[in-house]
Amino acid sequence: MNSVDFKNRRHMSQLNLSKRLLGYFLILLGYFFYCYNFTVVDYVKPFLVENYGISLKQSSLFYTFQSLGCFIGAVFSAWFSQRAGKKTTLIIVTAISGICTIINMSIINYPIWCLMRFLIGVSLGGYYTIAVSSMVGLFKSSLRGRVYAIAESLFAFSGVVMGAYGAYLSETGWEKILWLGAFPPVVIAIFMFFFVPDENKYTPYGNNDKREPDISEIQKGTWTEMFSGKYRRLTITCALISAFNFLGIQFFGGFLTVYLREVRGFDATNIGVILASGATIGTVSGLIWGYLSDRLGRIFNAFGFLLVPLSISLYFLVPSNITLLSLVGSLFNLANASQIAWGSLFTELFPERLRSMGASLFFGGKIIALMGPFMVVLISEHSSLSIAMWFSPVLFLIATILWFSLPEPNKRGLFYKGYDADYGLAKRDLIDLEEDMIQYK
């Protein structure tokens, strides 16, 4: 376990900017393959069914195993990083993702795939948790939304790469789509060892750029504190937002290639074109939403998220035209990119010692969304895949409403009302009490 010399630990601002940017760049590279390996199993689902005799119901369980792994990885990595250090944890989970993908593709049978998707899920949940909390600690809060937005835009970019590569490969060689996510993470993990800043040596930027008090630097975050009266509602709300988001993703995106192939009748090339063209706007829109979340607040982006259920509804209603589906897909990706505010929001709601655990709440909701894919298959067996996928707009709408219920942690935000992460909701309640007393007098 790493020991931290608090007396000699310097602030992150004292580290040369070029070294911080290099560390950030390596985390971004790892983040691309985190995004890629997160969704690639959904993309190749119809090809696994056709080429390896795996049923649609069986293939839906790959995501269930991966989701269980994500939840365990997110929770465990937040705890493990408190003891071994964020940098060490980041290197380990990055390497696991690549190694397990190599095994996944070397031995293609159902039991091995279930095990490997679980272990890959552990690494993915761990990577997001540590990468986000590390990124937000490298830079001051006025840049934090854009810093995370660049990373989150890689989710859309990975979709562009996946779709374009799939269109290029057409019906043959689709296994290469999976191989692309295998070796690079292992190489990236090696470079991280040398070039990612160590938070045991440099105190990260705190919430709203303030230096954390000395006592917070020697305190260890615990899940008990996350569920204390001060932070309980915040913790549960963030986890529920994540849960309904992932359920919505699985009811829509998890079966989108199957829907386009079986319901709309498109071939592999056209599926790749539709998905790649729809995802392209996400590579830019994330940066816009990141800027808006810095300028107008983390809660402001929830207005953009309202367009997600609308765009999904349109996706089911427009004719089977490549251009129309690509345009509606672009609207979905534009709206969905607004959730980049969650990376900052889920960490800034909590003090620095709880930041990794706050970030892990993004995957905390996966335990609720665990059986989402299986539910889609069951509903489709008793009705149709199209009807099952119609549940997704409702799920996204619930996530949006929960988002609006959270306090604004960004002091520049339009909806900021004095929230301070060190006091949790307790300070906001105190402010309300003081205002009531003033009115009473």
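Residues numbered from 1 in each chain as written. Predicted model: local features only at pLDDT ≥ 70, side-chain atom pairs only at ≥ 80, totals over all residues. Heavy atoms only, no water.

**A closer look at the overall build of the chain**
- The helix and strand tally for the chain stands at 23 helices and two strands.
- Its C-alpha atoms give the chain a radius of gyration of 21 Å, within 12% of the compact-globule value 22 Å for 441 residues.
- Dimensions of the chain, computed from C-alpha atoms along their principal axes, come out at roughly 65 × 55 × 35 Å.
- A burial count over the chain gives 57% of its 441 residues as buried.
- Carbon and sulfur atoms form 68% of the exposed surface of the chain, whose accessible area is close to 17300 Å².
- Considering the chain, the positive charge centre built from 35 side chains and the negative charge centre built from 27 side chains are found 5 Å apart. (Helix = DSSP H or I, 4+ residues; strand = E, 2+ residues; numbered from the N terminus. Rg over C-alpha atoms; globule rule 2.2 N^0.38 Å. Buried < 20%, exposed > 50% of the residue type's maximum accessible area, 1.4 Å probe, protein only. Areas by Shrake-Rupley, 256 points an atom, 1.4 Å probe, with all protein chains shown as cover. Lys, Arg positive; Asp, Glu negative; His and termini not counted. Charge placed at Lys NZ, Arg CZ, Asp CG, Glu CD.)

**Digging into the environment of Pro351**
- As for its placement among the helices and strands, Pro351 is situated in the loop between helix H18 (341-348) and helix H19 (355-364).
- A sequence separation of 71 residues divides Pro351 from Asp422, and the C-alpha atoms of the two residues are 5.4 Å apart.

**As for the pattern of salt bridges**
- Applying the stated criterion across every chain, the model contains four salt bridges.
- A salt bridge links Glu199 to Lys86, with the shortest nitrogen-to-oxygen separation between them at 3.2 Å. Highlighted residues: Glu199 in the loop between helix H8 (183-195) and strand S2 (202-203) and Lys86 in helix H4 (residues 86-106), separated in sequence by 113 residues. Of the two residues, Glu199 and Lys86, both sit in the buried class.
- Between Arg298 and Glu348 there is a salt bridge, with the nearest N and O atoms lying 2.9 Å from each other. (Salt bridge = Lys/Arg side-chain N within 4 Å of Asp/Glu carboxyl O.)

**Observations concerning the nonpolar core**
- Ranked by internal contacts, the top residues of the largest apolar core, which has 121 residues, are Tyr31, Tyr34, Met135 and Leu260.
- Among the elements that line this core, the one with the most residues is helix H1 (residues 17-43), at 14 residues.
- Setting aside residues no more than four positions away along its own chain, Tyr31 makes contact with Tyr127, Tyr128, Ala131, Val132, Met135, Tyr148, Ala151, Glu152 and Leu154. (Core = buried A, V, L, I, M, F, W, Y, C linked by side-chain atoms within 4.5 Å. Contact = heavy atoms within 4.5 Å.)

**Some details on the confidence of the model for the chain**
- Taken over all residues, the pLDDT of the chain has a mean of 83, while the share at 70 or more is 91%.
- Element-level pLDDT for the chain is lowest in helix H9 (residues 214-218), with a mean of 44, against a maximum mean of 95 in helix H15 (residues 302-305). (pLDDT = per-residue confidence, 0-100.)

**As for the packing of aromatic side chains**
- Within the structure shown, the criterion is met by 36 aromatic pairs.
- One aromatic cluster is present, formed by Phe252, Tyr259, Phe305, Tyr315, Phe316, Phe332, Trp342, Phe346, Trp390, Phe396 and Trp403 through successive ring pairs.
- Here Lys87 stacks its cationic end above the ring of Phe193, 5.9 Å away from the centre of that ring. (Phe/Tyr/Trp six-rings, centres within 6.5 Å; stacked < 30°, edge-to-face > 60°. Lys NZ or Arg CZ within 6 Å of the ring centre and 35° of its normal.)

**Thoughts on the packing of H1 against helix H6 (residues 141-169)**
- Contact pair H1 / H6: the axes reach a minimum separation of 8 Å and the direction vectors enclose 45°. Looking at the two axes, H1 sits oblique to H6. By crossing handedness, the relation of H1 to H6 is classed as right-handed.
- Split into classes, the residues belonging to the contact of H1 with H6 amount to 19 nonpolar, four polar and two charged. (Axes fitted to C-alpha atoms, helices over the stretch in contact; angles between N-to-C directions. Parallel < 35°, antiparallel > 145°, perpendicular 65-115°, else oblique. Left-handed = near helix turned anticlockwise from the far one by under 90°. Nonpolar A, V, L, I, M, F, W, Y, C, P; charged D, E, K, R; others polar.)

**Comments concerning the packing of helix H3 (residues 56-84) against H19**
- Here H3 crosses H19 at 175°, and the two axes come no closer than 8 Å. The angle between the axes of H3 and H19 places the two elements in the roughly antiparallel class. From H3, Cys70, Phe71, Ala74, Val75, Ala78, Ser81 and Gln82 reach across to H19, where they touch Ser356, Met357, Ser360, Phe363 and Gly364.
- A breakdown of the residues in the contact of H3 with H19 according to their chemical character gives seven nonpolar, five polar and no charged.

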